[in-house]
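Coordinate inspection notes
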Amino acid sequence: MNNIKADFPILKQMIHGKPLVYLDSSNTSQKPNVVLEAMQHYYSNDHSNVHRGITVLSGRATERYENTRKKIQTMLNAKHVYEIIFTSGTTESINLVANSYGRTHFTADSEVIVSTMEHHSNIVPWQLAGAKLKVIPITDAGVIDLKAYASLFSDKTKLVAITHASNVLGTINPIKEMIQIAHARHIPVLVDGAQAFSHMSLDVQDLDCDFYAFSAHKAYGPTGVGVLYGKEALLKKMAPFKGGGAMIESVTFEKSTFTGLPLKFEAGTPNIANVVGFHAALELIESMGIENIIQHERALLQYATDKLSKILGLTIIGTAPHKVGVISFILEGVHPHDIATILDHEGISVRAGHHCAMPLMERYRIPACVRVSLAVYNTMDDIDLLCSALEKVRGIFHV
Ligand code: 7TS
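First things first, this report covers the structure right here in the doc.

Criteria and cut-off values
- Residues numbered from 1 in each chain as written.
- Predicted model: local features only at pLDDT ≥ 70, side-chain atom pairs only at ≥ 80, totals over all residues.
- Heavy atoms only, no water.
- Pairing = 2+ DSSP bridges.
- Helix = DSSP H or I, 4+ residues; strand = E, 2+ residues; numbered from the N terminus.
- Axes fitted to C-alpha atoms, helices over the stretch in contact; angles between N-to-C directions.
- Contact = heavy atoms within 4.5 Å.
- Core = buried A, V, L, I, M, F, W, Y, C linked by side-chain atoms within 4.5 Å.
- Buried < 20%, exposed > 50% of the residue type's maximum accessible area, 1.4 Å probe, protein only.
- Domains from an automatic or database assignment.
- Patch = residues over 30% accessible without salt bridge, like charges linked within 9 Å, V, L, I, M, F, W, Y side chains within 5 Å.
- Areas by Shrake-Rupley, 256 points an atom, 1.4 Å probe, with all protein chains shown as cover.
- Salt bridge = Lys/Arg side-chain N within 4 Å of Asp/Glu carboxyl O.

In any sheet, the strands associate via hydrogen bonds between backbone groups, in a parallel or an antiparallel arrangement. Ordered by their spatial adjacency, 7 strands build an open sheet running β4-β10-β9-β8-β7-β5-β6, and the pairing between neighbours is mixed. Looking at which strands have only one partner, the edges of the open sheet turn out to be β4 (84-87) and β6 (132-136). For this sheet, the mean angle separating the axes of adjacent strands, direction not counted, is 20°. For strand β7 (residues 157-163) and strand β8 (residues 189-192), the ladder comprises 4 bridges, and the chain directions are parallel. Looking at β8, one finds that isoleucine 162 is bridged to valine 191. Strand contacts of helix α6 (residues 175-183): β6, β7 and β8, with the helix running at about 160° to β8, the strand carrying the most contacts.

This is the structure in structure tokens:
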């Protein structure tokens, strides 16, 4: 992971006269040169629309777009390439399932099981689809209560929707076990992988999840691209979420029929250049090696946790034994937004707020917290600078 920072041009700049220390990758990750170059090359040489032309350019654009799909299939170990659907992000992937699966399976009293630590995008779509939410409690450390989870199933349960890793607590949930518990009751499981993809090694067949959702922009890829993996049998039975070009077999004013997977769910011109750019990000992840990435981020997490814990008045929110590189905290006597503002003046980017997890804030009885989130380009020096800046915050507020 040495020198990887040099591949990310944005990280070379100064903020308020200080070198940028980017500790907000759970929000969105920065982009390496290879992604920027792939998009530039695509627009300069190969751009056309996909799946709807017999021109050389259309053929090239389609090939590059479909190559990303194949790469994702390999990385997730999905059984079929057509089980990979491109969306605009995790949010749209979950909304797709809530609408398409929900429309055919939910009735007036349907229940969806979620956890206390869900991002709003794994709460609101189910509410919009008319489901009642049954919520898995968590311990103070931020660990799912598996016994309570098993007791939430009823004859009204239609789906379990659970995050793989929490964007606030960092907790990695025991999703394989949770999927087994749900499947024993014949209930499908959607996994929100927004904070897991590119930070963990994944195998959707081994996990046996029914749906897996994530965003390219959190994995060194461009914004506006997401993925929904779904098992063929389920996707085949689901009606399309969006209607339009590229997803039909035939259209008359009386009735339309739809094409097969995956295009049935990809109406309209997709975000082709960004999907092409994502391929370069995936290649970079592969070349670094997911095990090396995990090791690097784990070492940083350990170092940062130890060092932050020594700061007087600082409390870490989320102390589960298995975590991704996310550390949220509060500092007694200082509002999280003030901390983030002062850190920004020191060139350090973190996020403060409720992190789109208001029910989780309620669980910890806090209005907001500061979050530090790690990626491959972070270093121990970044953590040292963060901790010095936090001591400065304490000095300013006399805490
Ligand atoms: N699920 C989780 C667990 C997330 O962390 C996020 C985004 C989403 C879903 C939605 O992803 P999107 O790409 O569709 O927006 N999380 C955050 C965050 O933690 N800070 O900013 C966005």
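Our focus in this paragraph is the nonpolar core. If you look at the biggest cluster of nonpolar residues, it comprises 78 residues, and the most contacted ones within it are Tyr212 and Phe278. At 11 residues, the largest contribution of residues to this core is made by helix α9 (residues 272-288). Taken together, domain 1 (2-30 + 290-397) and domain 2 (35-287) each give at least three residues to this core, which thus spans both. Once you skip the residues sitting within four places of it in the chain, phenylalanine 278 turns out to touch Thr68, Ile72, Phe197, Phe214, Ala216, Ala219, Gly221, Pro222 and Val225. Judged by nonpolar contacts, the second largest core, of 29 residues, contains Val21, Leu331, Ile339 and Leu390.

Taken together, the side chains of Ile248, Val251 and Phe258 present a nonpolar region at the surface, about 250 Å² in accessible area. Turning to its location among the elements, isoleucine 248 is positioned in strand β11 (residues 248-251). Relative accessible area serves as the criterion here: at 32%, isoleucine 248 is assigned to the partly exposed category.

By the definition in use, this model includes 17 salt bridges. Measuring nitrogen to oxygen at the nearest pair gives 2.8 Å for the salt bridge that ties glutamate 286 to lysine 71. Here glutamate 286 is found in helix α9, whereas its partner lysine 71 is found in helix α2 (residues 56-76), with 215 residues between them in sequence. With relative accessibility at 39%, the residue glutamate 286 sits in the partly exposed group. A relative accessible area of 17% means that lysine 71 is categorised as buried. Aspartate 210 serves as the salt-bridge partner of lysine 231, at 3.2 Å between the closest nitrogen and oxygen. Of this pair, lysine 231 sits in the loop between β10 (226-230) and α8 (232-237) while aspartate 210 sits in the loop between α7 (204-207) and β9 (211-215), and the two are 21 residues apart along the sequence. We classify aspartate 210 as buried; its relative accessible area is 6%.

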